[in-house]
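Remarks on the overall topology
Here is how the chains run, residue by residue.
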There are 2 protein chains.
Amino acid sequence: MELEQIVENAYYESVTGVRTGDTKNECREIRRYIRDAEEIVIPNHNEEKVVAINEVLEEFGLSQAKHLQIHTDACDLSRMPAMTKAIMALDICSCDLVIARGRLGIPGSGSILVILDKKGRILTASLSPPHIVHGKPVSEAVRDEMTAALERIGFTRSRGKSE
Amino acid sequence: MELEQIVENAYYESVTGVRTGDTKNECREIRRYIRDAEEIVIPNHNEEKVVAINEVLEEFGLSQAKHLQIHTDACDLSRMPAMTKAIMALDICSCDLVIARGRLGIPGSGSILVILDKKGRILTASLSPPHIVHGKPVSEAVRDEMTAALERIGFTRSRGKSE
């Protein structure tokens, strides 16, 4: 089933008041979309974060991401810096998936890693506290975020286990 | 320092390329804003979630939230249902803080709890996997999310500990 159909079905459930939450099938379709993604981009100017994300993608048997080296400082001036960065990447290049990591909201609000599909729809995400709270090296924080973003929608490291 | 000043300072740091991440002072100001908030609203039509959030607010020595009972099904038709719900609440009533919990992105993407200030700026958030993945009762999931949203910006249960 295409994501469009998933969204439309949930729309009718919400409109008719019968929606009771995410279904197994919806999660499975998100995983399928991510697994089928061939062109993945990471907008950033920090190679270290790209390496960390690609290590996790490999562990989960997913395609490697390309580093889209763009100036993302302007995104920090928006209300949702990480989301803005992801959408900026989407509008600049052709891809199946964008993985962007940046600030969640106002300065001090910590970071979010978001995964968007080719239309800019949010498939999954994960959060980290501000660095001064968690104190992890950036590479470890990004690894943990990428892992959490995949695991929360049912991915497991062993490719065979999650449909 | 007002949040406006925090945002403006970070803006100049980003523009001049010297920004190195969230600072202790920024986190402290977010906590101060939340601690000073008197009117807190939770848009929802599920009393159980409001009770769970208020229990956590009490544990952290924060003001209790009012239940803003509105129809939020329409928000599920947007790209970021929880954010849309929070902004809808903000536009309907006068408050210092909105705490909204709902779907993160497309159906199957799990949930996010977001905390916005009186202008709609994101102060903090937390995520849960889809219910069919985590399997927790909704009340427990909401308690955990509310706790995580506060702890990630440096709040501790004992009021005195975090400035």
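Everything numeric in this text was worked out from a predicted model, so none of it was measured.

In this assembly, 48 residues from chain B lie in contact with 48 residues from chain A. Between chain B and chain A lies a buried interface of about 3,700 Å² when both sides are counted; carbon and sulfur atoms form 68% of it. When the buried surface of chain B facing chain A is broken down by residue, Asp22, Ile106 and Arg152 of chain B rank first, second and third, together holding 19% of it. In this structure, the connection of chain B to chain A is made through zero salt bridges.

Turning next to the relation of the copies chain B and chain A. Mapping chain B onto chain A is achieved by rotating through 180° and translating by 0.0 Å along the same axis, at an RMSD of 0.0 Å. On this basis, the relationship between the two copies can be described by a two-fold rotation axis. Of every C-alpha in chain B, the one belonging to Leu127 of chain B sits nearest the axis of rotation, 3.7 Å from it. Of the residues that chain B buries at the interface, 100% are likewise interface residues in chain A, meaning the two copies contact each other through the same surface.

The next point concerns the layout of surface pockets. Of the voids in this model, the largest pocket is the one considered here, and its volume is about 750 Å³. Residue lining of the largest pocket: 30 residues in total, with Arg19, Thr20 and Gly21 of chain A together with Lys49 and Arg101 of chain B positioned closest to the centre. Taken together, the elements giving at least two residues each to the lining of the largest pocket come down to helix H1 (3–15) of chain A together with strand E3 (97–103), helix H5 (131–134) and helix H6 (138–151) of chain B. Taken together, the residues of the lining of the largest pocket sort by class into seven nonpolar, 13 polar and 10 charged. The volume enclosed by the second largest pocket comes to roughly 650 Å³. Looking at the second largest pocket, it is lined by 28 residues, and the ones nearest its centre are Lys49, Asp76 and Arg101 of chain A together with Thr20 and Gly21 of chain B. Split into classes, the residues belonging to the lining of the second largest pocket amount to six nonpolar, 13 polar and nine charged.

Val98, Ile112 and Val114 of chain A together with Val98, Ile112 and Val114 of chain B are the most contacted members of the largest nonpolar core, which totals 36 residues. When residues of this core are traced back to their parent elements, those giving at least two are helix H4 (81–92), strand E3 (97–103), strand E4 (111–117) and strand E5 (122–128) of chain A together with helix H4 (81–92), E3, strand E4 (111–117) and strand E5 (122–128) of chain B. Those residues within four positions of Ile112 of chain B in sequence are excluded, and the remaining contacts are Ala82, Ala100, Arg101, Gly102, Arg103, Leu104, Ala125, Ser126 and Leu127 of chain B.

Below, the discussion takes up H6 of chain B. Residue and element names in this part refer to chain B. Compared with the 20 Å implied by 1.5 Å per residue over 14 residues, the 20 Å span of H6 between its first and last C-alpha is a close match. Regarding H6, the residues found buried are Ala141, Val142, Glu145, Met146, Thr147, Ala149 and Leu150. Buried positions along H6 lie against helix H2 (24–36), helix H3 (47–59), E3, E4, E5 and H5.

What counts, and where the lines are drawn
- Residues numbered from 1 in each chain as written.
- Chains lettered and ligands numbered in written order.
- Predicted model: local features only at pLDDT ≥ 70, side-chain atom pairs only at ≥ 80, totals over all residues.
- Heavy atoms only, no water.
- Contact = heavy atoms within 4.5 Å.
- Buried area = accessible area lost by both parts, 1.4 Å probe.
- Salt bridge = Lys/Arg side-chain N within 4 Å of Asp/Glu carboxyl O.
- Least-squares fit on C-alpha atoms with pLDDT ≥ 70 in both.
- 1 Å grid on protein atoms, 1.4 Å probe; cavity = no way out; pocket = protein on both sides within 12 Å on 5 of 7 lines; lining within 4 Å.
- Points joined across faces, edges and corners; volume = space filled by probe spheres on them.
- Helix = DSSP H or I, 4+ residues; strand = E, 2+ residues; numbered from the N terminus.
- Nonpolar A, V, L, I, M, F, W, Y, C, P; charged D, E, K, R; others polar.
- Core = buried A, V, L, I, M, F, W, Y, C linked by side-chain atoms within 4.5 Å.
- Buried < 20%, exposed > 50% of the residue type's maximum accessible area, 1.4 Å probe, protein only.
- Expected span 1.5 Å × (residues − 1).

Read these as spatial facts, not as claims about activity.
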